[in-house]
Amino acid sequence: MNRRAMDPKRPIRFCLALLGAAALLTLSACGGGAASEPPLQGAAIGGDFTLVDKTGKTVRAADFKGRYTALYFGYTFCPDVCPLDVQVLMQGYRSFAKAHPDLAAKVTPLFVTIDPARDKPEVVGQFAAHFGKDLIGLTGSDAQIAQIAKSYGVYYKKGAGSGPNAYLMDHSRAAYLMGPEGQPIALLPVDANAEAVAAEFAKWVR
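Residues numbered from 1 in each chain as written. Predicted model: local features only at pLDDT ≥ 70, side-chain atom pairs only at ≥ 80, totals over all residues. Heavy atoms only, no water.

Peer 1: In this structure, what is going on with the nonpolar core? I would like to understand it.
Peer 2: Across soluble globular proteins, you tend to see nonpolar side chains buried next to one another. The biggest cluster of nonpolar side chains holds 54 residues, and the ones touching the most others in it are F73, L89, Y152, Y176 and F201. Considering every element that reaches this core, the biggest residue donor is helix 2 (residues 81–99), with seven residues. Look past the residues within four positions of L89 in its chain and what remains in contact with it is A70, Y72, L188, V190, V197 and F201. (Core = buried A, V, L, I, M, F, W, Y, C linked by side-chain atoms within 4.5 Å. Buried < 20%, exposed > 50% of the residue type's maximum accessible area, 1.4 Å probe, protein only. Helix = DSSP H or I, 4+ residues; strand = E, 2+ residues; numbered from the N terminus. Contact = heavy atoms within 4.5 Å.)

Peer 1: Mind showing me how you'd approach the pairing of strand 8 (residues 175–178) here?
Peer 2: Each regular strand carries side chains that alternate between the two faces of the sheet. Going residue by residue along strand 8, you find A175 and L177 tucked away on one face and Y176 and M178 tucked away on the opposite face as well. Across four bridges, the pairing between strand 3 (residues 68–74) and strand 8 is antiparallel. Opposite A70, over in strand 8, you have L177 as the bridge partner. Of the strand pairs in this sheet, strand 8 and strand 9 (residues 184–187) are connected by three bridges, and their pairing is antiparallel. From the neighbouring strand, M178 faces strand 9, where its bridge partner is P184. (Pairing = 2+ DSSP bridges.)

Peer 1: Got a minute to help me understand the pattern of salt bridges in this structure?
Peer 2: Two side chains bearing opposite charge may form a pair once their charged atoms approach each other closely. Overall, the coordinates contain four salt bridges when judged by the stated rule. Across the pair K133 and D134 runs a salt bridge whose closest N-O atoms are separated by 3.6 Å. (Salt bridge = Lys/Arg side-chain N within 4 Å of Asp/Glu carboxyl O.)

Peer 1: Looking at this structure, how should I read the packing of aromatic side chains?
Peer 2: For any pair of aromatic rings, the description rests on two quantities: the centre-to-centre distance and the angle between the ring planes. Following the criterion strictly, the structure yields eight aromatic pairs and no others. A centroid spacing of 6.2 Å and a plane angle of 85 degrees characterise the contact between F73 and Y176, whose relative ring orientation is edge-to-face. Placement of F73 in strand 3 and of Y176 in strand 8 is noted, with a sequence separation of 103 residues between them. The pair formed by F73 and Y176 is uniform in burial state, with each residue classed as buried. Every member of this aromatic cluster is reached through a ring pair, and the members are Y72, F111, F127 and F131. Over the ring of Y167 we find R118, and its NZ or CZ is 3.6 Å from the ring centre. Of note, K158 hangs over the ring of Y167, and the distance from its end group to the ring centre comes to 4.3 Å. (Phe/Tyr/Trp six-rings, centres within 6.5 Å; stacked < 30°, edge-to-face > 60°. Lys NZ or Arg CZ within 6 Å of the ring centre and 35° of its normal.)

Peer 1: Any chance you could explain the pairing of strand 3 here in plain terms?
Peer 2: Extensive coverage of strand 3 is indicated by the burial of seven of its seven residues. Here strand 3 shows a buried face lined by Y68, A70, Y72 and G74 and a second buried face lined by T69, L71 and F73. Pairing analysis gives seven bridges linking strand 3 to strand 4 (residues 107–113), with the strands arranged parallel. Counted as the bridge partner of L71 is L110 from strand 4.

Peer 1: Help me understand the environment of C82 in this model?
Peer 2: If you trace the backbone, C82 turns up in helix 2. The buried category is assigned to C82, whose relative accessible area is 0%. The spacing of C82 and F111 is 29 residues in sequence and 9.9 Å in space, taken between C-alpha atoms. In this structure, C82 is in contact with Y72, G74, Y75 and H171, ignoring residues within four places of it in sequence.

Peer 1: Honestly, helix 5 (residues 142–151) in this entry has me stumped. Any pointers?
Peer 2: Residues spaced three or four apart along an α-helix face the same direction, because each turn holds 3.6 residues. When we look at burial in helix 5, the residues that qualify are I145, I148, A149 and S151. The arc that holds every buried residue of helix 5, seen down its axis, measures 160 degrees, which confines them to one face. Seen from the buried face of helix 5, the exposed residues on the opposite side, beyond 90 degrees, are D142, A143 and K150. Check the buried side of helix 5 and you find it contacts strand 1 (50–52), strand 3, strand 4 and strand 6 (156–163). G153 sits one or two residues past helix 5 and shows a positive phi near 65 degrees. (Arc of directions from axis to C-beta.)

Next comes the structure, spelled out in structure tokens:
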């Protein structure tokens, strides 16, 4: 029989091709090595808002266009959870800023009250100042707070108290990382630790 002689290099090339294909499949399965999609991508979270800062100056969502924002919703009279969460948020932010100062400069941390009756501009300003100069405290009218809370899916309700100004607020616990176009990116794990928060900033801020 007249058989064509086998190229001695053919098995090697074939094996290399198989290895290459396997590598491509592996990269494809892992997203090609690229970062995964943001967990909150496409979620109906966020939107326009109008609030005021510690000086009474009007602050709008549009003021942060082109910047990342980290929003935490709480209230200054909160006896435990809110101050602890904000502390973790800002410790994580500062850790991120130390490792990536250029990226951290693109982020604005915000504290938004859900208790506007007691949290007047100067009150949220004093509260925010306890956690560093980078945190901006925001408040507003009842209607303005209701609007932003609804936009971010934040639940809150005034609880019973012993007096007009002696009450607790029941509210959901979340810190949102929003993108430069106001798009939701991820929840910041303030219920974990500062290291986890810093890692989340590093994962998504570009």
